[in-house]
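Residue strings, one per chain:
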Amino acid sequence: MNTQTPSVERSTRASQAGLVLALLVLLAATSAPWWAERSSQRLMTEILYTLALAQMWNLLAGYGGLLSVGQQGFVGLGGYCLVVLGLQFGLNPFLIVPLAGVVTALVAIPTAAVLFRLRGAYFAVGTWVVAEVFRLIVANTASVGGGSGTSITQTVTGIPAWWRESTTLWLAIALGGGATLAVYWLLRSRHGLALTAVRDSEHAAESLGVSVARMKWFVYIAAAAGCGMVGALIFITKLRIAPEAAFSMDWTAAMFFVVIIGGIGTIEGPIVGTLIYFVLRQFLSDYGSWYMIVLGCVAVAFMLWIPRGVWGLMSSRFDLHFFAVQRRVRFASTQEKQP
């Protein structure tokens, strides 16, 4: 007699192929200092830290249901950690990158205590207000350069150019790849199930014993730490920082654009969106203000006609998942002997 034996599976052929492809890409990027030009390395660095920012915003909004338009506040604070810890305390700039994550996570604790009193659109506006408060505080603090900003070239003085460029790229790989893997591992855990339950329905999640407040705190602080580390790395590449650049709304706009066109609520979406974003930038950057207009029109078009993004559309049509986090029940036939 044939019986159906159920089993729970996660990995798929696509996810296995995706793992191999991801390892090959990471190995190629890691070895880039030995075969790529400096301009190519800088482009890779920019792509990877943009991916890290997008994964943090996707974790916050796509999985946590917290729509923030003020993540530039933590990017700017991370950048200014270079000024305080690098220029004033003399720490190595590359060591400051993880420390910037710690600093921004600590700042996020009282910030979250205030913002979580707000809901919906009020929360979104509140995140932007907090980012503006950070900008104004920094702009009025003379010890960090005030409104005109300051050069941070002194922090990298004495580091050979090859090592500076290479270490910057390797840190970008750690942040971009690390952010993607961290979100993947989180979603495969029971905390990931709790997080998606909170996003879909707070009341239903709470009725099942999920601590809604704890999950929101965790996601908000984790995203703040990630944005802070990326902010420090960004300004290592620029060697000058000013409040208008560090706390620019452009950082959050880029995160929003990448996640929306790639596919919100998917791990693959920010990867696809980042690639599309840089392709569009490559072809449109010479058109001045039209570049931003086109990007805005593309984002609006996606929200109206393809709200799930490129990857959301592809995964639903072809059942394709490179980062498989869903649990699938498979039934295998077994033959039982008759007595």
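Each remark here, short or long, concerns the structure printed above.
Residues numbered from 1 in each chain as written. Predicted model: local features only at pLDDT ≥ 70, side-chain atom pairs only at ≥ 80, totals over all residues. Heavy atoms only, no water.

Q: For this particular structure, what's the right way to read helix H9 (residues 212-238)?
A: Side chains that are three or four residues apart share a direction in an α-helix, a result of its 3.6 residues per turn. In this model, H9 (27 residues) spans 39 Å end to end at C-alpha, consistent with the 39 Å of a helix rising 1.5 Å per residue. Of the residues flanking the end of H9, it is Leu 239, one or two places downstream, whose phi is positive at about 65 degrees. (Helix = DSSP H or I, 4+ residues; strand = E, 2+ residues; numbered from the N terminus. Expected span 1.5 Å × (residues − 1).)

Q: Would you mind going over unusual backbone geometry with me for this structure?
A: Where the residue is not glycine, phi is negative for most of them; where a peptide bond is considered, it is trans in most cases. At Leu 239, a position not held by glycine, the phi torsion is positive, near 65 degrees. Residue position: Leu 239 is located in the loop between H9 and strand S3 (240-241). For Leu 239, a relative accessible area of 23% translates into the label partly exposed. (Buried < 20%, exposed > 50% of the residue type's maximum accessible area, 1.4 Å probe, protein only.)

Q: Looking at this structure, I do not really get the packing of aromatic side chains. What am I missing?
A: How two aromatic rings sit relative to each other is given by the distance of their centres and the angle of their planes. Under the defined criterion, the tally for this structure stands at 15 aromatic pairs. Taking the centre distance of 5.7 Å and the plane angle of 80 degrees together, the rings of Phe 116 and Trp 217 count as edge-to-face. Of the two residues, Phe 116 is situated in the loop between helix H4 (93-115) and helix H5 (121-139) and Trp 217 in helix H9; the sequence distance between them amounts to 101 residues. Classification of Phe 116 as buried rests on a relative accessible area of 16%. Among the aromatic residues, those joined into a cluster by ring pairs are Phe 74, Phe 116, Phe 123, Phe 134, Trp 217 and Tyr 220. (Phe/Tyr/Trp six-rings, centres within 6.5 Å; stacked < 30°, edge-to-face > 60°.)

Q: Got a minute to help me understand the nonpolar core in this structure?
A: The tendency in soluble globular proteins is for nonpolar side chains to be buried side by side. Formed by 88 residues in total, the largest nonpolar core has its most connected members in Leu 53, Phe 74, Tyr 80, Tyr 220, Ile 234, Phe 235 and Tyr 277. It is H9 that provides the largest number of residues to this core, a total of 13 residues. Beyond its immediate sequence surroundings of up to four residues, Tyr 220 is in contact with Leu 60, Gln 71, Phe 74, Ala 108, Thr 111, Ala 112, Leu 115, Phe 116 and Phe 123. (Core = buried A, V, L, I, M, F, W, Y, C linked by side-chain atoms within 4.5 Å. Contact = heavy atoms within 4.5 Å.)

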